[in-house]
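Each chain, letter by letter, is given below.
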Amino acid sequence: MTASDLVPVFDGHNDTLLRLYQSKDTEVEKLFIEGKSGGHIDLPRAKAGGFAGGMFAIFPPPVEKARRSAVPSAPSDSEPLPPEVPRTDALNSTIAMASILFRLERAGALAVCRSAADVRDAMAREMIAAVFHIEGVEAIDPELTMLDVLHAAGLRSLGIVWSRPNAFGHGVPFRFPSSPDTGPGLTDAGKALVKACNELKIMIDLSHLNEKGFRDVVGLSDAPLVATHSNVHAICGHSRNLTDWQLGAIRESGGMVGLNFATGFLREDGRMNADTNLDIMVRHVDSLLQALGEDGVGLGSDFDGAMIPAVIGDVAGLPKLINALAARGFGRALIEKIAYRNWLSMLEKTIG
């Protein structure tokens, strides 16, 4: 496949900023631009794979030395929620990762996009289009004063929780098999956050949120429902995946779901195993299409935040998934919707 044949991909979720932050390298721009950064995404591999941009997540890591990969390596039906993160620690790491994002922009590695028009412009210039996203809002105070500051800096998308509790709600634990009905709903601060995000045109990400919190967002939000990186619970019964009623609520709202590449959320056995083939990914896409329609499905890789199938490997392997969809009989128009057009339409509806 030549560069001119590549289908551009706008991706619903990556954790590249977290990886660069945890590298402790003082020249993260060089690491990213020259392709010496390891992990899943850097500039040379992004160009090779047709990666046009996506939601660049800021995830406040645990305070203890254990990295985010503390996700259990084997399925467990009783895995507890990770502990809460103190706001001061979360604020420090959030600001540090935001700084990395803006340093990458100043270095010419990407463009921070504050609207769908910005994303389209960056793609037209063949510049990586990065949407400032937060996964787990521990850095935001319950009074929401920090929300205004982050929005002014460029924040346009947030997930209320990662898989742990905070002042706003409860995430789902990494349990398999398990339903996402694992705890209470949003707090009063969480409900206020939903309304504030609607007013500011910040997209709300439902991935990692438990069932009762999900129901609260359904009842409160006037925006389309979005899960940036989640899969189908009927195929992989992990608490991180979406049940039939959740998918139905997303469809009714005109929302969408991004396919998560994490093997533990793809496989029927719930195992994190890199020896996972493309067929199961295509099966999830088929099921999402049936549940949501052609306008409701995108990609949400979780690059740099999860174990993905070895057959894809990293962002340069995106064409392998695109080719697998084509081999299944998906036409070019549908593939383009899944690869990037649906995300662009959703950003127009949510962030403007």
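Predicted, not measured: the structure shown is a model, and the values here were computed from it.

A.B. asks: Tell me about the overall build of the protein, and name the residues and values.
C.D. replies: What the protein contains, in helices and strands, is 13 helices and 9 strands. Relative to a compact globule of 352 residues, whose C-alpha radius of gyration would be 20 Å, the protein shows 18 Å and is just as compact. In terms of principal-axis extent, the alpha carbons of the protein reach across some 50 × 45 × 40 Å. Residues counted as buried form 60% of the 352 residues belonging to the protein. A separation threshold of at least 6 residues defines the contact pool for the protein, and within that pool the share at least 24 residues apart is 75%.

A.B. asks: Outline the packing of aromatic side chains, listing residues and values.
C.D. replies: If you walk through the whole model with that rule in mind, you get 7 aromatic pairs. With a centroid separation of 6.3 Å and 65° between ring planes, the pair formed by Phe51 and Phe56 is classed as edge-to-face. Exposure class is identical for Phe51 and Phe56. Each is buried. Seen from their ring centres, Phe214 and Trp245 are 5.2 Å apart, and the 80° between their planes marks the pair as edge-to-face. Within this pair, whereas Phe214 is found in helix α8 (residues 211–220), its partner Trp245 is found in helix α9 (residues 244–252), the two being separated by 31 residues in sequence. Within the aromatic cluster, the residues linked to one another by ring pairs are Phe59, Trp162, Phe174 and Phe265. Seen from the ring of Tyr21, Lys24 lies directly overhead, with NZ or CZ sitting 4.8 Å from the centre.

A.B. asks: Could you give an account of the packing of helix α11 (residues 278–292) against helix α12 (residues 318–327), with specific residues and numbers?
C.D. replies: At their nearest, the axes of α11 and α12 sit 10 Å apart, and the two run at 65° to each other. Crossing angle aside, the handedness with which α11 passes α12 is right-handed. From α11, Leu278, Met281, Val282 and Val285 reach across to α12, where they touch Lys320, Leu321, Ala324 and Leu325. Of the residues belonging to the contact of α11 with α12, the class tally is 7 nonpolar, no polar and 1 charged.

A.B. asks: Explain the nonpolar core residue by residue, including any values.
C.D. replies: In this structure, Leu158, Ile160 and Phe261 are the most contacted members of the largest nonpolar core, which totals 111 residues. Take this core: its biggest share by element is 9 residues, from helix α13 (residues 332–350). Discounting residues that sit within four places of it in the chain, Phe261 has contacts with Leu266, Met281, Leu299, Gly300, Ser301, Phe303, Met307, Ile308, Pro309, Ile312, Leu318 and Leu321.

A.B. asks: Explain the pattern of salt bridges residue by residue, including any values.
C.D. replies: Following the criterion strictly, the structure yields 17 salt bridges and no others. The partner of Arg164 in a salt bridge is Glu138, with the nearest N and O atoms 2.8 Å apart. Taken together, the residues span a long stretch of sequence, with Arg164 in the loop between β5 (155–159) and α7 (188–200) and Glu138 in the loop between β4 (128–135) and α6 (145–153) at a distance of 26 residues. Like Arg164, the residue Glu138 is buried in the burial classification. Close ionic contact of Lys337 with Glu294 constitutes a salt bridge, the shortest N to O distance being 3.9 Å. Here Lys337, found in helix α13, pairs with Glu294, found in the loop between α11 and β9 (297–299); they are 43 residues apart in sequence, far enough to count as distant. By relative accessible area, which is 25% here, Lys337 ends up partly exposed. Because the salt bridges share partners, they merge into one network encompassing Asp42, Arg45 and Asp314.

A.B. asks: Explain the pairing of strand β2 (residues 51–58) to me, using residue names and the numbers behind them.
C.D. replies: A regular strand carries its side chains on alternate faces of the sheet. With respect to burial, β2 is a largely interior element, 8 of its 8 residues being buried. Two strands pair when backbone bridges link them, and strand β1 (residues 9–14) and β2 are joined in this way by 4 bridges, in the parallel orientation. Residue Phe10 lies in a different strand from β2, and its bridge partner there is Gly53.

A.B. asks: Quick one: what's the story with α6, residue by residue and with numbers?
C.D. replies: Turning to α6, its buried residues number three or more, namely Met146, Leu147, Leu150 and His151. Angularly, the buried residues of α6 cover 135° about the axis, an arc narrow enough to put them on a single face. At its buried positions, α6 is contacted by α4 (87–106), β4, β5 and α7. Just downstream of α6, Gly154 is the residue with a positive phi angle, here 130°.

A.B. asks: Just give me the short version of unusual backbone geometry, but keep the residues and values in it.
C.D. replies: Leave glycine aside and you will find that most residues have negative phi; peptide bonds, for their part, are mostly trans. Cis geometry marks the peptide bond from Phe176 to Pro177; its omega dihedral reads -10°. Within the element layout of this structure, Pro177 appears in the loop between β5 and α7. Phi at Leu144 is positive, roughly 70°, even though this residue is not glycine. With respect to the helices and strands, the residue Leu144 is situated in the loop between β4 and α6. Located in the positive-phi region is Lys201, a residue other than glycine, with phi close to 60°. One can find Lys201 in the loop between α7 and β6 (203–205). Exposure remark for Lys201: the relative accessible area of 43% places this residue in the partly exposed category.

Quick notes on the rules
Residues numbered from 1 in each chain as written. Predicted model: local features only at pLDDT ≥ 70, side-chain atom pairs only at ≥ 80, totals over all residues. Heavy atoms only, no water. Helix = DSSP H or I, 4+ residues; strand = E, 2+ residues; numbered from the N terminus. Rg over C-alpha atoms; globule rule 2.2 N^0.38 Å. Buried < 20%, exposed > 50% of the residue type's maximum accessible area, 1.4 Å probe, protein only. Contact = heavy atoms within 4.5 Å. Phe/Tyr/Trp six-rings, centres within 6.5 Å; stacked < 30°, edge-to-face > 60°. Lys NZ or Arg CZ within 6 Å of the ring centre and 35° of its normal. Axes fitted to C-alpha atoms, helices over the stretch in contact; angles between N-to-C directions. Left-handed = near helix turned anticlockwise from the far one by under 90°. Nonpolar A, V, L, I, M, F, W, Y, C, P; charged D, E, K, R; others polar. Core = buried A, V, L, I, M, F, W, Y, C linked by side-chain atoms within 4.5 Å. Salt bridge = Lys/Arg side-chain N within 4 Å of Asp/Glu carboxyl O. Pairing = 2+ DSSP bridges. Arc of directions from axis to C-beta.

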